[in-house]
Amino acid sequence: GRYDGLDGILGLFALAQTVSGGTYQQSLVDVLTGVSHAAVLYRATGRHATASLDIDMVLLCRLDGHQVTHITALPCDPGAFEAFWGQTDRLDDGT
């Protein structure tokens, strides 16, 4: 999905916690920076009633000075990512 601005990103984090019953976690692995771009590698884990997640993720960030102007999130295992997040719209009780 698309999430715009700080409110959108904070809403996404809140959704991840709700869907996973508080089990969703991110662990920073590495950060690479340049003048106009940065890449962030992190490990994402979590579970809900019908699936679990344990994958590496990459955030590609566009920079303008010291501000991030755009982020694209890329799962290193798209199938596992979709298996986890694709099931969330089918969960009736939010777990």
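Computed from a predicted model, the values in this text were never measured in an experiment.

**Student:** It is not clear to me how a nonpolar patch on the surface should be interpreted in this structure. Could you clarify?
**Tutor:** Residues Tyr3, Leu6, Ile9, Leu10, Phe13 and Leu15 make up a contiguous nonpolar surface patch of roughly 550 Å² in combined accessible area. Mapping Ile9 onto the fold places it in helix H1 (residues 5–19).

**Student:** Would you mind going over the pairing of strand S4 (residues 67–75) with me for this structure?
**Tutor:** Regular strands place side chains that alternate from one sheet face to the opposite one. Where strand S3 (residues 51–64) meets S4, 8 bridges bridge the pair, whose relative direction is antiparallel. Pairing of Val58 across the sheet is with Leu74, part of S4. Between S3 and S4, which follow one another and run antiparallel, lie 2 residues, and Gly65 among them has a positive phi close to 70°.

**Student:** Explanation requested: the sheet that holds strand S1 (residues 25–33) in the structure shown.
**Tutor:** Adjacent strands of a sheet form backbone hydrogen bonds with each other and so pair up, either parallel or antiparallel. One open sheet holds the 4 strands; their spatial order is S1-S2-S3-S4, and the pairing between them is antiparallel. Edge positions in the open sheet fall to S1 and S4, since each of these has one partner strand only. With direction set aside, neighbouring strand axes in the sheet form an average angle of 20°. Packed onto the sheet, helix H2 (residues 78–85) meets strand S2 (37–48), S3 and S4 and runs at close to 110° relative to S3.

The rules we used
Residues numbered from 1 in each chain as written. Predicted model: local features only at pLDDT ≥ 70, side-chain atom pairs only at ≥ 80, totals over all residues. Heavy atoms only, no water. Patch = residues over 30% accessible without salt bridge, like charges linked within 9 Å, V, L, I, M, F, W, Y side chains within 5 Å. Areas by Shrake-Rupley, 256 points an atom, 1.4 Å probe, with all protein chains shown as cover. Salt bridge = Lys/Arg side-chain N within 4 Å of Asp/Glu carboxyl O. Helix = DSSP H or I, 4+ residues; strand = E, 2+ residues; numbered from the N terminus. Pairing = 2+ DSSP bridges. Axes fitted to C-alpha atoms, helices over the stretch in contact; angles between N-to-C directions. Contact = heavy atoms within 4.5 Å.

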